Every structure is written in structure tokens, then in C-alpha cells.
Amino acid sequence: MKQTSIYPVVFLALVLALFTRVFFISVYKIPTNSMSPTLLAGDFILGSQVAYGLKFPWSREVWFKSFPKRGDLVAVSFANRPSVTYLRRVTGVAGDFVEINQQKIQIGINQVFVKSDNSEFKEDSHDFGLVSVEQIESRALLLWFSLSTEKQIRWERIGQFL
């Protein structure tokens, strides 16, 4: 009997995993309780990079562009903190009026207003202003793993769709 090599299969699996990770799926670990009770410190989240359009890393072009809806959980990088990614809830969309620093502002077509679910934590649109759609990295979809601060697996949280 002729033996076949497993290396091509392993190589193909690695290439497909890398392709999926680069173009379609983002992975996040939640470090704080800023989004509790929805997300807790120690939760691991999968996000869809194509939820609002197919973006190419080497260009600014977006195919099949769509816009976030009120209530979506999104991963954003604010303009004045580009190295930090926050998971926040979209609470204002195009055409809405919001109050930021005692000023009433209308949200534009390519902007959203995001907030943390936990009012004790800020670092949201109240502090950093409106978020452009281009600053949204992905939409949170699935809580795929959860580990408490005591390093215990929170089985009841695993597999929840967001």
C-alpha cells in the first residue's frame, strides 16, 4: 500500500487559517469589565471583519459596504488612541442627535456614537468623539471562551452569540 504525505494537507490548513484570520475573523480578549454585564474580563470574542464590507489590507477600498446598526457591538480604535482597540456598543447612527460635552451634535452618514455598557467606565464617544465607519475593525459575533479572574472556565458563557 502506498503511503501519502500529510504535509500538503497541513500546509493547506495553515494557509486557509491564515487567510481566514487576515481577511474575515478578528480575535479579542476582554481585559476589563467596561462592557459588563454583556462581556466580562476574561472573555474571548470572535469578530467579523466583513460585517460592514470587505476591506483589503493593502488599500482603502471597501466592497459591499454597509453601516453599523444601533445595538451592534463593534471593535473600534479611536483617532487619538489608534494603538488600543475597544469593544463598544453603537448607540447612535446617521441622522441621530447626541449630546457630547454639553453640545448637541448630529451624527453624519459615515459616523456612529459608541458607548460602554458599564457606566463606571468611559473611554467611549463621550471622551473621544464620534467614530468614523473606517475606524471600526469588526463586529463582535461570538463569545468563544471565558476565563474568570480565578482562572476558572466559565462554561455557561461559552458559545453565546452577541
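Shown above is the structure to which this text applies.
Remember, predicted model here, so these are calculated numbers, not experimental data.

*Asks:* Which parts of the structure should I look at to understand the packing of aromatic side chains?
*Replies:* In this description, a pair of aromatic rings is defined by centroid distance and the angle of the planes. Within this structure, the stated rule accounts for nine aromatic pairs. Judged by centre distance (5.7 Å) and plane angle (65 degrees), the rings of F19 and F24 are edge-to-face. Arranged with centres 5.7 Å apart and planes meeting at 55 degrees, the rings of F44 and F145 form a pair that is tilted. Linking F44 in strand β2 (residues 43-48) with F145 in strand β11 (residues 136-146), this pair joins segments that are 101 residues apart in sequence. Taking the relative accessible area as the measure of exposure, F145 reaches 23% and is therefore partly exposed.

*Asks:* Sorry if this is basic, but what is going on with the layout of surface pockets here?
*Replies:* A water-sized probe, rolled over the atoms, reveals where empty space remains. In this model, the largest pocket occupies a volume close to 570 Å³. Elements supplying a minimum of two residues to the lining of the largest pocket: α1 (7-23), β1 (25-29) and β11. Of the residues in the lining of the largest pocket, the class split is 10 nonpolar, five polar and seven charged. Computed from the structure, the second largest pocket encloses a volume of approximately 210 Å³. Lining of the second largest pocket is provided by 15 residues; of these, P31, T32, S34, Y86 and R88 occupy positions nearest its centre. Looking at the lining of the second largest pocket, the elements that each hand over two or more residues are β1 and β6 (86-92). Here the element with the most residues in the lining of the second largest pocket is β6; it accounts for three residues. For the lining of the second largest pocket, the per-class residue count stands at eight nonpolar, three polar and four charged.

*Asks:* I tried to follow the pairing of strand β7 (residues 97-100) on my own but got confused; where do I start?
*Replies:* On a regular strand, one side chain projects to one face of the sheet and the next to the other, so that they alternate. Taking every second residue as pointing to the same face, the buried face of β7 carries V98 and I100, while none of F97 and E99 on the other face is buried. Relative to strand β8 (residues 103-106), β7 is paired through four bridges, and the arrangement is antiparallel. Bridging from a neighbouring strand, V98 pairs with I105 of β8. Between β7 and β8, which pair antiparallel in sequence order, lie two residues; one of them, N101, sits at a positive phi of approximately 50 degrees.

*Asks:* I'm lost on the pattern of salt bridges in this one. Help?
*Replies:* A side chain with one charge may pair with a side chain of the opposite charge, provided their charged atoms come close. If you walk through the whole model with that rule in mind, you get seven salt bridges. A salt bridge links E134 to K65; the shortest N-O distance between them is 3.5 Å. On the criterion of sequence distance, the pair formed by E134 in the loop between β10 (131-132) and β11 and K65 in the loop between β4 (62-63) and β5 (73-76) is long-range, its members being 69 residues apart. Taking relative accessible area as the criterion, E134 reaches 49% and is therefore assigned partly exposed. A salt bridge links E123 to R81; the nearest nitrogen and oxygen atoms lie 2.7 Å apart. Separated by 42 residues along the polypeptide, E123 in the loop between β9 (111-115) and α2 (125-128) and R81 in the loop between β5 and β6 bring together distant segments of the chain. Judged by relative accessible area, E123 falls into the partly exposed class, the value being 32%. Each of the salt bridges in this network shares a partner with another, and the network as a whole consists of D43, R154 and R157.

Reading guide: rules and limits
Residues numbered from 1 in each chain as written. Predicted model: local features only at pLDDT ≥ 70, side-chain atom pairs only at ≥ 80, totals over all residues. Heavy atoms only, no water. Phe/Tyr/Trp six-rings, centres within 6.5 Å; stacked < 30°, edge-to-face > 60°. Helix = DSSP H or I, 4+ residues; strand = E, 2+ residues; numbered from the N terminus. Buried < 20%, exposed > 50% of the residue type's maximum accessible area, 1.4 Å probe, protein only. 1 Å grid on protein atoms, 1.4 Å probe; cavity = no way out; pocket = protein on both sides within 12 Å on 5 of 7 lines; lining within 4 Å. Points joined across faces, edges and corners; volume = space filled by probe spheres on them. Nonpolar A, V, L, I, M, F, W, Y, C, P; charged D, E, K, R; others polar. Pairing = 2+ DSSP bridges. Salt bridge = Lys/Arg side-chain N within 4 Å of Asp/Glu carboxyl O.

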